[in-house]
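Each chain, letter by letter, is given below.
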Amino acid sequence: MSSSKYQFIHNIIPHLSPSQKGQGRANVNIALAKYWGKRDIELNLPTNSSLSISLPGLGTETTIQWIDNSKDTITLNDQPCKPEQPFAARLSHFLEPFRPDPQGGFEIKTHNSVPTAAGLASSASGYAALVLALNDCFQWQLDLKSLSLLARLGSGSASRSVYDGFAIWHQGQQQDGMDSFAEKIDQAWSNLKIGLLEIDISEKPIGSTQGMQQTVNHCELYQAWPQKAEKDVVTLQSAIANQDFTLLGTTAENNALSMHATMLATWPPICYFQPDSIQAMQQVWQLRAQGTEVYFTMDAGPNLKLLFLEKDQQQLKESFPNLKVIHPFSVESETTT
Ligand code: 2P0
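Residues numbered from 1 in each chain as written. Predicted model: local features only at pLDDT ≥ 70, side-chain atom pairs only at ≥ 80, totals over all residues. Heavy atoms only, no water.

Participant: Looking at this structure, I do not really get the site of the ligand. What am I missing?
Facilitator: In the vicinity of the ligand lie 18 residues, with Tyr 35, Lys 38, Gly 156, Ser 157 and Thr 209 positioned nearest. With respect to the ligand, the side chain of Tyr 35 contributes an N or O atom lying 2.6 Å from an oxygen atom. Ser 155 places a side-chain nitrogen or oxygen 2.7 Å from an oxygen atom of the ligand. If one sorts the elements of the shell around the ligand by residue count, helix α5 (residues 208-218) sits on top with 3 residues. (Near = heavy atom within 4 Å. Polar contact = N/O pair within 3.5 Å; in protein donor to acceptor, adjacent residues only side chain to side chain. Helix = DSSP H or I, 4+ residues; strand = E, 2+ residues; numbered from the N terminus.)

Next comes the structure, spelled out in structure tokens:
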């Protein structure tokens, strides 16, 4: 691990003396303006800002405890993980700079309430929950900005999962990464709904970390992306401030398709679309042509996330019978199927 990463972490955390068992929980988030590309791989610094909405009820709960004279023990959904499993190896690597001494280990228990069927990445909620648990374990009492900075090191999108509701992750300019953190956009939107449309939940052909690097390095169209994404973030902020759903939906859908366009224009090409993804997109476009205002966004996988208003929920459930509806801003934070 490079000294810049240690330096970054020790600029933020006050000490390395664990005082209790810590716990943390965080929700997954969906980007409406996407993060696609890193300018610094070690520090997870993005080439552009991004803007997201969190999905209440879908997330990760983690407890962590320091044990002297032990190795890391990691359980995921009550199943022990072998140290060499990618999930455990990535976690232990992330925890390196947080170890009070080389002899001990962390005992980590993590539960994902993200239904596998939703086809959502859990690294965002996972690393945000882990950092919250570390903050509790060491009693650092860090503010949310600092927690977002630390979560970013685990997974870029985790910087946004420290918050509920809308969040913006600032690209930042500094080489040390201290100005690349997420902040909450303090605005609710009670009749805004998200629909999770499962197409395929099997393992994706290429992970997003690798996919991003491939695009940054081998796509001639990519140079247009950071500027486009920054513009979309500004437009989305205005759409949220004015509760302008048409502006929100058109911007989010166009942003997602622009990101996928850079992937398709990469060599070798990266394509997360499956025939059923395209069919679902066409269904969305058809519904819009018929007067139902619905938009989609899509991440590094074949599943679609629909954006619509409460008044159209019934119609959308009829059009997409397996749609899981999320209510990002309702009091009960319910998920309905
Ligand atoms: C996003 N994605 O903004 C974009 C859209 C996927 C497509 O953030 O390498 O798992 O751990 O920083 O955060 C997924 O990337 O990547 C992601 P790393 P991460 O939501």
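Structure shown, so let's carry the discussion forward.
Participant: Help me understand the pairing of strand β4 (residues 50-67), please; the structure alone is not making it clear to me.
Facilitator: Here is the key point about a regular strand: its side chains alternate between the two faces of the sheet. The buried fraction of β4 amounts to 13 of the 18 residues, a majority that puts the element mostly inside the structure. Sheet topology places strand β1 (residues 22-33) next to β4; 10 bridges connect them, and they run antiparallel. What sits directly across from Ile 30, in β4, is Ile 53. Inspection of the sheet shows β4 paired to strand β8 (residues 166-169) by 4 bridges, in the antiparallel sense. The residue bridging Ser 50 from the neighbouring strand is Trp 169, located in β8. (Buried < 20%, exposed > 50% of the residue type's maximum accessible area, 1.4 Å probe, protein only. Pairing = 2+ DSSP bridges.)

Participant: Just checking my understanding: could you explain the pattern of salt bridges for this structure?
Facilitator: If you walk through the whole model with that rule in mind, you get 8 salt bridges. Between Asp 72 and Arg 99 there is a salt bridge; the shortest N-O distance is 2.7 Å. One end of the pair, Asp 72, is in the loop between β4 and β5 (73-76); the other, Arg 99, is in the loop between α2 (86-95) and β7 (105-112), with 27 residues separating them in the sequence. Of the two residues, Asp 72 and Arg 99, both sit in the buried class. (Salt bridge = Lys/Arg side-chain N within 4 Å of Asp/Glu carboxyl O.)

Participant: Explain the domain arrangement of the protein to me, please; I cannot follow it from the model alone.
Facilitator: Where interface size is given, it is often the accessible area lost as the parts come together that is meant. Each assigned domain of the protein is listed here: domain 1 (3-185) and domain 2 (192-336). Counting residues at the interface gives 30 residues for domain 1 and 44 residues for domain 2. Interface area, domain 1 with domain 2, both sides summed: about 3,000 Å², of which 73% is carbon and sulfur. Looking at the side of domain 1 facing domain 2, the largest losses of area belong to Leu 32, Lys 34 and Trp 36, adding up to 29% of the total buried there. One can count 9 residue pairs in polar contact (both at pLDDT 80 or more) joining domain 1 with domain 2. Of all the elements in the fold, those that place two or more residues in the side of domain 1 that touches domain 2 are β1, β4 and β8. Per-element accounting of the side of domain 1 that touches domain 2 gives the leading share, 7 residues, to β4. Taken together, the residues that form the side of domain 1 that touches domain 2 break down as 18 nonpolar, 10 polar and 2 charged. (Domains from an automatic or database assignment. Contact = heavy atoms within 4.5 Å. Buried area = accessible area lost by both parts, 1.4 Å probe. Nonpolar A, V, L, I, M, F, W, Y, C, P; charged D, E, K, R; others polar.)

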